[in-house]
Amino acid sequence: MHYQQAISLMRGLKHLDARQLALQAHYLSQLGLQKEAVETMAKAIKQNAESAEVWLLDALLQTKLGQHQTALNSATRAVQFGYPVKLLAVDPDLQPLASDRSFLALLQHNMEK
């Protein structure tokens, strides 16, 4: 219900920045509207491909879709653009990646810095 309210409010805005689009994509995904979520996320990335938060939200979306390699790539981009790896490591929505060697290497490599 809250996701629907948030989406309704966002749709009333004339312009959404990349962060707002990425959040909208996350909310759409939570409502099961995966196709629209993917399309909205693509717009967010196109608008700002250097936003750590946008890449994190894409990693969450891709994990939810079962696209683990794409999620890992997005998580890597999030870290590259400044997202704290310590937060990435404890995000419950990324738990499906927890056993992935590449994800573990990303965490370990960046925690050592």
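Residues numbered from 1 in each chain as written. Predicted model: local features only at pLDDT ≥ 70, side-chain atom pairs only at ≥ 80, totals over all residues. Heavy atoms only, no water.

### Regarding the environment of Ala49
And step 1. When you line up the elements, Ala49 lands in the loop between helix 3 (34–47) and helix 4 (52–64).
And step 2. We classify Ala49 as partly exposed; its relative accessible area is 30%.
And step 3. Taking the C-alpha atoms as reference points, Ala49 and Arg77, separated by 28 residues in sequence, lie 9.0 Å from one another.
And step 4. Among residues more than four places away in sequence, those in contact with Ala49 are Trp55, Arg77 and Phe81. (Helix = DSSP H or I, 4+ residues; strand = E, 2+ residues; numbered from the N terminus. Buried < 20%, exposed > 50% of the residue type's maximum accessible area, 1.4 Å probe, protein only. Contact = heavy atoms within 4.5 Å.)

### A short note on the confidence of the model for the chain
And step 1. Averaged over every residue, the pLDDT of the chain is 93; the share at 70 or more is 97%.
And step 2. Confidence scores differ between elements of the chain, with helix 1 (residues 2–11) showing the lowest mean pLDDT of 86 and helix 4 the highest of 98. (pLDDT = per-residue confidence, 0-100.)

### Here we look at the pattern of salt bridges
And step 1. If you walk through the whole model with that rule in mind, you get 3 salt bridges.
And step 2. Between Glu53 and Arg19 there is a salt bridge, and its shortest N-O distance comes to 2.9 Å. Pair noted here: Glu53 is in helix 4 and Arg19 is in helix 2 (residues 18–30), with a separation of 34 residues, a long-range link.
And step 3. In this structure Glu53 comes out as partly exposed when scored by relative accessible area, which is 31%. (Salt bridge = Lys/Arg side-chain N within 4 Å of Asp/Glu carboxyl O.)

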